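Take a look at the letters that make up each chain.
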Amino acid sequence: MCGIVGCFAESGCYEKLMAALVNLEYRGYDSAGVALAGEKGIAVRKKKGAVRNLFGQPLAGTAGIGHTRWATHGKPSDENAHPHTAGKFALVHNGIIENYAALRAELSARGETFSSETDSEVIVKLIAALYSGDFFAAVAAACARLKGSYAVAVLCADHPREIVCAAYKSPLVAGAGKGAVYVCSDVPALFGAVSYVCPAEDGEFLHVCGSEIVFRRADGTPVPKVFCRTEEEGGARRQGGGSYMEAEIAQIPQGISRTLACLRGCDFAPAARVLRAAGRVFTAACGTAHHAALAFGHLLSQEARIPVLCEAASEFRYGDPLIGAGDVLVAVSQSGETADTLEAVRLAKQRGAFVIAVCNAPLSTLSRLADLLLQTCAGAEVAVAATKSYNCQLLCLYYLAAQAVFFKTTRFPAWFFALEGAARACGQALESAAAAERLARRLQGARAMYFIGRGADRFTAAEGALKVREIAYVFAESCPAGELKHGTLALVEEGFPVFAVATARALLQKTVNSLAEARARGARPVLFTQYGAEAAGCGAELFPPLPSLPEPLMPLVSVIPLQWFACHFCLLRGFDPDRPRNLAKSVTVE
Ligand code: G6P
């Protein structure tokens, strides 16, 4: 959700900025821009569309800022692209300024004119208006007037070797590498360029002065910080001209192995103790992470007989949840920066609950806010639609559920030991790629489809439908298989694809019955199960059998053919799976 970057380098600053911006593009690709402070003032280049539109003659200067935009205020256009400028200043911003209309009116009354429709432009106008020679003081004074969320990086023509940055409820990290220092929205964008990173806390400022980075409070006093070592682990490499999404799905087994190794080293006692004693367990997450949380809630309540309430984080935060001291919130997020999830966590903490985070980014805000972090080690995920992080979230959550069962009953559930074979089973499930592609080819013309399942399979179905909507732009809806006949079935007509996931033997026939009801109305049913032989002759197309794991663990593998299907469906329809329209990864605004 908008990426910002700043860089100081004695040589090659422009190239370094551009490299970081390319890496940051998953946060938004509506427009991009850079500004460098040089001898002759600040030079700006910004354009609607992808970062590659900025490629050209390097801009001169040793300090620069860059931006990749996911539009909130104002359509994607050259004018609305960042950096925004005023007087001697240029600024990039991620976040939303909630009082921008009042500030804009105030500045307009003083004769300021605006060249964009963005909320961000008021910040730079405000800085210029408050400037009387002290660059840092002007940025701090302007930030004091802002309401909402922001990470900003600012250049000043009078101080061409400095960048002043501020962060409040939007992520910002400092990074130090060979020959360059950076500020950036996200650590993964700096992989390879820096060896040490340090995140800013809410309300802190980062002052880049030449190759030095100082964290400061608003009054300018320095804040001592410890930088930690960072190195890329498990990031996907695209094969040939392939997409990140394909590479990331192919990486699921490695992610599972790494996550499992990490979980084995975890002390679960505190988490399991609070879970066992918890009055209530809540989960809060968004999108794909919410589907993982739903599967966890189902498993935990089934196996540990603990009541679990799963909410979309955007609902949790405004729903006045019943959470309080003695309760546990499990927050799930790949990025650890999703605004709704973070607000849910802050609310739970305010009310005295214990927060367990399942997160792929150990330096993220969520990881730092949580009382306990379970790290998914999926490796950096670049494609906007989550895939490998989902499988790793499920693994972490299942491991946690097994620990809760152990602490409650002094016995691990039998399926716990089968987690050791999860990576291998995921590897087998990857072999469904060709079958998924053939299926996508046959259904290429479909304009809508349903995904159904019972028990935990309904969450896999929901994830499959989300993937299709996100990247293939085909209307895809999921519902519990038994609910199909209570309304949704009305839309089924000749040739309408209905995908069913059925991995629980006890419910197989019930799901097959639901498919038969759909088929009787002309639907084209496809069944995903490991019990193909038992479903033979049911009238549905049988997808090649899923690899077999104990039933509670099946969501780890049953989602893989659906991830492949969505990916191939998207490619066949001529779209880029990595950059779905209208979306962005790391949704740092509400
Ligand atoms: C966005 C992405 C989804 C992701 C969701 C939650 O909407 O497009 O793929 O599942 O955010 O992100 P998180 O980083 O919190 O897991």
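Shown above is the structure to which this text applies.
Scope of this entry: the structure provided in the associated data block. In this text the structure is predicted, and so the values were computed from the model without any measurement.

## Some points on the pairing of strand S9 (residues 173-177)
Link 1 in the chain: Relative to strand S10 (residues 180-184), S9 runs antiparallel, the two being bridged by five bridges. Note that in S10 the partner of Ala-174 across the bridge is Val-183.
Link 2 in the chain: Between S9 and S10, which pair antiparallel one after the other, the connecting turn spans two residues, and Gly-179 there sits at a positive phi close to 75 degrees.
Link 3 in the chain: The sheet contact formed by S9 and strand S11 (residues 196-199) spans four bridges and is antiparallel. By the bridge assignment for S11, Gly-175 is matched with Val-197.

## Digging into the sheet that holds strand S15 (residues 281-285)
The pairing of strands in a sheet happens through backbone hydrogen bonds and is either parallel or antiparallel.
Link 1 in the chain: What the five strands build is an open sheet, ordered S16-S15-S17-S18-S19; its pairing is parallel. With one partner strand each, in any of the chains shown, strand S16 (308-312) and strand S19 (372-375) form the two edges of the open sheet. Geometrically, the sheet is characterised by an average inter-axis angle of 20 degrees between neighbouring strands, direction not taken into account.
Link 2 in the chain: Pairing of S15 with strand S17 (residues 328-333) involves five bridges; the strand directions are parallel. Along S17, the bridge assignment pairs Thr-283 with Val-330.
Link 3 in the chain: Lying on the sheet, helix H10 (residues 339-350) is in contact with S15, S17 and strand S18 (354-359); it crosses S17 at an angle near 165 degrees.

## Re the site of the ligand
Link 1 in the chain: As a matter of local geometry, the ligand sits amid 14 residues, with Thr-288, Ser-333, Gln-334, Ser-335 and Thr-338 nearest to it.
Link 2 in the chain: In this structure, an oxygen atom belonging to the ligand sits 2.5 Å away from a side-chain N or O atom of Thr-338.
Link 3 in the chain: The separation between an oxygen atom of the ligand and a polar main-chain atom of Val-384 is 3.1 Å.
Link 4 in the chain: Protein chains bury 89% of the 390 Å² of accessible surface belonging to the ligand in isolation.
Link 5 in the chain: Tallying contributions element by element places helix H8 (residues 287-304) first for the shell around the ligand, with three residues.

## Things to note about the sheet that holds strand S24 (residues 541-542)
Link 1 in the chain: The sheet built from five strands is open, its strands ordered S21-S20-S22-S23-S24 with parallel pairing. The open sheet is flanked by strand S21 (475-480) and S24, the only strands paired with a single partner.
Link 2 in the chain: With two bridges joining them, strand S23 (residues 524-528) and S24 adopt parallel strand pairing. Across the sheet, residue Val-526 finds its bridge partner in S24, namely Glu-541.
Link 3 in the chain: Running over the sheet, helix H14 (residues 433-442) touches strand S22 (497-501), S23 and S24 and is turned about 170 degrees from S23.
Link 4 in the chain: The strands touched by helix H18 (residues 555-572) within the sheet are strand S20 (448-453), S22 and S23, with S22 carrying the most contacts at an inclination of about 155 degrees.

## With respect to the environment of Ala-261
Link 1 in the chain: Relative to the helices and strands, Ala-261 is located in helix H6 (residues 252-264).
Link 2 in the chain: Ala-261 sits in the partly exposed class, given a relative accessible area of 45%.
Link 3 in the chain: Distance from Ala-261 to Arg-238, taken between C-alpha atoms, is 25 Å for residues 23 residues apart in sequence.

## A few points about empty space enclosed by the protein
Link 1 in the chain: All told, the structure shown has one cavity of 30 Å³ or more when counted by the stated rule.
Link 2 in the chain: Considering only enclosed or pocket space, the largest cavity measures out at about 90 Å³ in volume.
Link 3 in the chain: Along the walls of the largest cavity sit 15 residues, with Cys-2, Trp-70, Thr-72, Gly-95 and Ser-120 positioned nearest its centre.
Link 4 in the chain: Looking at which element gives the most residues to the lining of the largest cavity, the answer is strand S6 (residues 89-97), with three residues.
Link 5 in the chain: Taken together, the residues that form the lining of the largest cavity break down as four nonpolar, nine polar and two charged.

## A closer look at the nonpolar core
Link 1 in the chain: In this structure, Leu-300, Met-449, Val-468, Phe-499 and Phe-565 are the most contacted members of the largest nonpolar core, which totals 97 residues.
Link 2 in the chain: The dominant element in this core, judged by the number of residues it contributes, is helix H12 (residues 388-409), at 13 residues.
Link 3 in the chain: Shared between two domains, this core holds at least three residues of each, these being domain 2 (241-412) and domain 3 (428-580).
Link 4 in the chain: Those residues in contact with Met-449 that lie beyond four places of it in its chain are Leu-443, Val-468, Val-474, Phe-475, Ala-476, Glu-477, Phe-496, Pro-497, Phe-499, Phe-565 and Phe-569.
Link 5 in the chain: One finds Ala-86, Leu-103, Ala-140 and Leu-146 within the second-largest nonpolar core, a separate group that totals 28 residues.

## What about the packing of aromatic side chains?
Link 1 in the chain: One pass over the structure, following the stated rule, counts 20 aromatic pairs.
Link 2 in the chain: Above the face of the Phe-136 ring, Arg-216 is positioned so that its terminal group lies 5.6 Å from the ring centre.
Link 3 in the chain: Here Arg-229 stacks its cationic end above the ring of Tyr-196, 5.4 Å away from the centre of that ring.

## Describing the pattern of salt bridges
Link 1 in the chain: Applying the stated criterion across every chain yields a total of 24 salt bridges.
Link 2 in the chain: Note that Glu-343 is salt-bridged to Lys-169, the shortest N-O span being 3.5 Å. Taken together, the positions of Glu-343 in helix H10 and Lys-169 in the loop between strand S8 (162-168) and S9 put the pair 174 residues apart, joining distant regions of the chain.
Link 3 in the chain: Residue classification places Glu-343 among the buried positions, given a relative accessible area of 17%.

Reading the values: rules and limits
- Residues numbered from 1 in each chain as written.
- Predicted model: local features only at pLDDT ≥ 70, side-chain atom pairs only at ≥ 80, totals over all residues.
- Heavy atoms only, no water.
- Pairing = 2+ DSSP bridges.
- Helix = DSSP H or I, 4+ residues; strand = E, 2+ residues; numbered from the N terminus.
- Axes fitted to C-alpha atoms, helices over the stretch in contact; angles between N-to-C directions.
- Contact = heavy atoms within 4.5 Å.
- Near = heavy atom within 4 Å.
- Polar contact = N/O pair within 3.5 Å; in protein donor to acceptor, adjacent residues only side chain to side chain.
- Areas by Shrake-Rupley, 256 points an atom, 1.4 Å probe, with all protein chains shown as cover.
- Buried < 20%, exposed > 50% of the residue type's maximum accessible area, 1.4 Å probe, protein only.
- 1 Å grid on protein atoms, 1.4 Å probe; cavity = no way out; pocket = protein on both sides within 12 Å on 5 of 7 lines; lining within 4 Å.
- Points joined across faces, edges and corners; volume = space filled by probe spheres on them.
- Nonpolar A, V, L, I, M, F, W, Y, C, P; charged D, E, K, R; others polar.
- Core = buried A, V, L, I, M, F, W, Y, C linked by side-chain atoms within 4.5 Å.
- Domains from an automatic or database assignment.
- Phe/Tyr/Trp six-rings, centres within 6.5 Å; stacked < 30°, edge-to-face > 60°.
- Lys NZ or Arg CZ within 6 Å of the ring centre and 35° of its normal.
- Salt bridge = Lys/Arg side-chain N within 4 Å of Asp/Glu carboxyl O.

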